[in-house]
Amino acid sequence: MQSLLANVCGSPHAFLPAAGFLRCGLRAERQLRHFSFLSLAAFMASNMGRAQTVFADWTSISAVATGNIGSVTVQFSGGTVTEGVTDGSSTKFDHTYYSPALSLSDIVWFNGSEAGLSYTITFSSQVRNPTLHFASLASALAFGQTPTWENDDGRLHVAGNMVTGELNNDDWPSYTDANGTVIFFGDFASLSFTATVVSGVTGPDGIGLQIGATAIPEPATVWFASIGPLAAFLVSWKKWRRVWRQRVALLSLR
Ligand SMILES: [Ca+2]
Ligand SMILES: [Ca+2]
């Protein structure tokens, strides 16, 4: 604040008549008010942008996989959903090539095929920035939406609406193929894709999947999240304004 006043009023040693000092003070007040509102807006924007990605708690995996992302129900259906882990004990996504890495997680396994198998991910209500971890991908996934590359092990490629893995027979018996993370930025009620094996794959390609997303805040939640910093700002602003005006009034009387 001192640097702001010095910037507006000049050196504190400079001689200023009372009227000039009053004008200077009011100018500083306007600048501080502008600065404070910008700071408050930046604080609220950064707070709202800090929402955590929550990954699915899968509860049932058969022909259709069903689970929850917070209060949102997620279903993964179509093609061939084969098996999975629903007790949160999988370490498949506990690697640096996932963002974020999940030390323990559920996982759903499905297949890519030579002819192509179509899948749909459905959310019971819109979610924000759905995030997909893929494990052992040796298929080309053609999405109806546009993914953004987030992380991978050097073998997962994203271009346009395509997420394509590479066959990896080098580290038998783990056969990890390609692994990594893509994000669909925006709000979505569903995602869909077709999985077709890449060249060299004989038979179906087993692919591991985990799905995360950020819940879209209800308007009331945004309001309550904003009211705290807003109240703090108003209290400190009014206090500072009262002190500053008292000082200006005293100086103008000298
Ligand atoms: Ca579970
Ligand atoms: Ca595979």
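Not measured: the values here are computed from a predicted model.

Participant: Provide a residue-level description of the overall build of the protein, including the pertinent values.
Facilitator: Looking only at helices and strands, the protein features 3 helices and 14 strands. Looking at the protein as a whole, 25% of its 254 residues are labelled buried. A separation threshold of at least 6 residues defines the contact pool for the protein, and within that pool the share at least 24 residues apart is 73%.

Participant: Tell me about the nonpolar core, and please be specific about residues and values.
Facilitator: Ranked by internal contacts, the top residues of the largest apolar core, which has 40 residues, are Phe76, Val108, Phe134, Ile207, Leu209 and Ile211. Among the elements that make up this core, the one with the highest residue count is strand S7 (residues 117-137) (8 residues). Excluding anything up to four places from it in sequence, phenylalanine 134 contacts Leu156, Asn179, Gly180, Ile207, Gly208 and Leu209.

Participant: Could you give an account of the environment of threonine 96, with specific residues and numbers?
Facilitator: Topologically, threonine 96 is positioned in the loop between strand S5 (81-90) and strand S6 (105-112). With 8 C-beta atoms packed within 10 Å, threonine 96 lands in the exposed category. Spatially, the C-alpha atom of threonine 96 lies 8.5 Å from that of asparagine 151, the residues being 55 residues apart in sequence.

Participant: Tell me about the pairing of strand S2 (residues 57-61), and name the residues and values.
Facilitator: In this structure, S2 lies alongside strand S3 (residues 65-69), joined through 4 bridges in antiparallel fashion. Across the sheet, aspartate 57 pairs through a bridge with asparagine 68, a residue of S3. In textbook terms, the turn of a hairpin is the stretch between consecutive antiparallel strands, and for S2 and S3 this stretch comprises 3 residues.

Participant: I'd like to hear about the environment of serine 118, residue by residue, with values.
Facilitator: Mapped onto the elements, serine 118 comes out in strand S7. Residue classification places serine 118 among the partly exposed positions, given that 13 C-beta atoms sit within 10 Å. For the pair serine 118 and threonine 196, spaced 78 residues apart in sequence, the C-alpha separation works out to 9.0 Å.

Participant: Give a description of the confidence of the model for the protein that names residues and reports values.
Facilitator: For the protein, the mean per-residue pLDDT works out to 83, and 70% of the residues sit at or above 70. Here residues 1-16 scores under 50 on pLDDT; set against residues more than four positions off or in separate chains, the count is 13 contacts.

Participant: Kindly report on unusual backbone geometry, identifying the contributing residues and their values.
Facilitator: Of note, the amide linkage connecting serine 99 to proline 100 takes the cis form, showing an omega dihedral of -5°. Structurally, the position occupied by proline 100 is in the loop between S5 and S6. One non-glycine residue, asparagine 129, adopts positive backbone phi at about 50°. Along the polypeptide, asparagine 129 turns up in strand S7. We classify asparagine 129 as partly exposed; it has 17 C-beta atoms within 10 Å. At aspartate 177, a position not held by glycine, the phi torsion is positive, near 45°.

Participant: Outline the environment of alanine 51, supporting the account with residue identities and numerical values.
Facilitator: Locating alanine 51 in the fold gives a position in the loop between helix H2 (18-48) and strand S1 (54-55). With 14 C-beta atoms counted inside 10 Å, the residue alanine 51 sits in the partly exposed group. C-alpha of alanine 51 to C-alpha of alanine 215: the two residues are 164 residues apart in sequence and 8.2 Å apart in space.

The rules behind the values
- Residues numbered from 1 in each chain as written.
- Chains lettered and ligands numbered in written order.
- Predicted model: local features only at pLDDT ≥ 70, side-chain atom pairs only at ≥ 80, totals over all residues.
- Helix = DSSP H or I, 4+ residues; strand = E, 2+ residues; numbered from the N terminus.
- Buried ≥ 20, exposed ≤ 12 C-beta atoms within 10 Å, placed from the backbone.
- Contact = placed C-beta atoms within 7 Å.
- Core = buried A, V, L, I, M, F, W, Y, C linked by C-beta atoms within 7 Å.
- Pairing = 2+ DSSP bridges.
- pLDDT = per-residue confidence, 0-100.

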